[in-house]
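# A closer look at the structure
Residues per chain, in single letters:
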Amino acid sequence: MIRLVNLPKIVDDRGNLSLIEGDNQIPFEIERVYWIYDVPGGEFRGSHAFKETDEFIVAISGSFDVILHDGKEEKKFYLNRSYYGLYVPKLTWRRLENFSTNSLALVLASKRYDEKEYIRDFNQFLNNI
Ligand code: TYD
């Protein structure tokens, strides 16, 4: 189920520390990590769904919107802190937009990259749901 997940935040005078462990804070083992950065103003990323891949998205720096569609309804999440993230299960249509300057989107994925995992046509996605 789509959900925001609070991450551990270890507060320290020397600076804060947060963390993610596979199969602990997030319900899958981490098979891949990628990040999106240097996004020009007004640009968007995504606009696709994955057949089997679960993901977890964190705004490590800056902010952006994640717009999700589960086949029934659309929901918008504004991410702007590195101590929580958004769990995006497989078969969720997703789009990232409204990136602030110098924002950094970290994405943890349950599978390695495979182009065949992508559903890039929204109507096809709705038919798959
Ligand atoms: P894509 O997932 O379409 O980007 P976004 O959803 O952020 O708009 O990927 C963009 C390109 O990068 C595409 O050609 C595939 C490649 N890519 C990889 O080779 N490995 C990966 O792990 C990812 C996420 C993308």
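Right, let's walk through the structure included here. (Residues numbered from 1 in each chain as written. Predicted model: local features only at pLDDT ≥ 70, side-chain atom pairs only at ≥ 80, totals over all residues. Heavy atoms only, no water.)

Moving on: the environment of N6. Tracing the backbone shows N6 in strand β1 (residues 3-6). Remark: the alpha-carbon pair of N6 and N24, spanning 18 residues in sequence, is separated by 12 Å. Once you skip the residues sitting within four places of it in the chain, N6 turns out to touch Y83 and Y84. (Helix = DSSP H or I, 4+ residues; strand = E, 2+ residues; numbered from the N terminus. Contact = heavy atoms within 4.5 Å.)

Moving on to the site of the ligand. With respect to spatial proximity, the complete set of residues near the ligand consists of R32, Y34, I36, R45, G46, H48, Y113, Y118 and R120. Here an oxygen atom of the ligand and a side-chain polar atom of R45 are 3.0 Å apart. One nitrogen or oxygen atom from the side chain of H48 is found 2.5 Å from an oxygen atom belonging to the ligand. For the shell around the ligand, the secondary-structure elements that each account for two or more residues are β4 (32-37) and β5 (45-50). A class-by-class count of the residues in the shell around the ligand yields four nonpolar, two polar and three charged. (Near = heavy atom within 4 Å. Polar contact = N/O pair within 3.5 Å; in protein donor to acceptor, adjacent residues only side chain to side chain. Nonpolar A, V, L, I, M, F, W, Y, C, P; charged D, E, K, R; others polar.)

Taking strand neighbours across the sheet as the criterion, the five strands line up as β1-β9-β6-β11-β4 in an open arrangement whose pairing is antiparallel. In this open sheet, the two strands that pair with only one neighbour each are β1 and β4. Taken pair by pair, the neighbouring strands of this sheet meet at an average axis angle of 25°, ignoring direction. Where β1 meets strand β9 (residues 84-88), four bridges bridge the pair, whose relative direction is antiparallel. Within the sheet, the bridge partner assigned to R3 lies in β9 and is Y87. (Pairing = 2+ DSSP bridges. Axes fitted to C-alpha atoms, helices over the stretch in contact; angles between N-to-C directions.)

With that settled, consider the packing of aromatic side chains. Evaluation of the coordinates by the stated rule reveals eight aromatic pairs. Relative to F122, the ring of W93 has its centre 5.1 Å away and its plane inclined at 75°; by these criteria the two rings are edge-to-face. Of this pair, W93 sits in strand β10 (residues 93-97) while F122 sits in helix α1 (residues 122-128), placing them 29 residues apart in sequence. Note on F122: relative accessible area 30%, which makes it partly exposed. Every member of this aromatic cluster is reached through a ring pair, and the members are F50, Y113 and Y118. Sitting over the face of the ring of F44, R95 holds its NZ or CZ atom 3.9 Å from the ring centroid. (Phe/Tyr/Trp six-rings, centres within 6.5 Å; stacked < 30°, edge-to-face > 60°. Buried < 20%, exposed > 50% of the residue type's maximum accessible area, 1.4 Å probe, protein only. Lys NZ or Arg CZ within 6 Å of the ring centre and 35° of its normal.)

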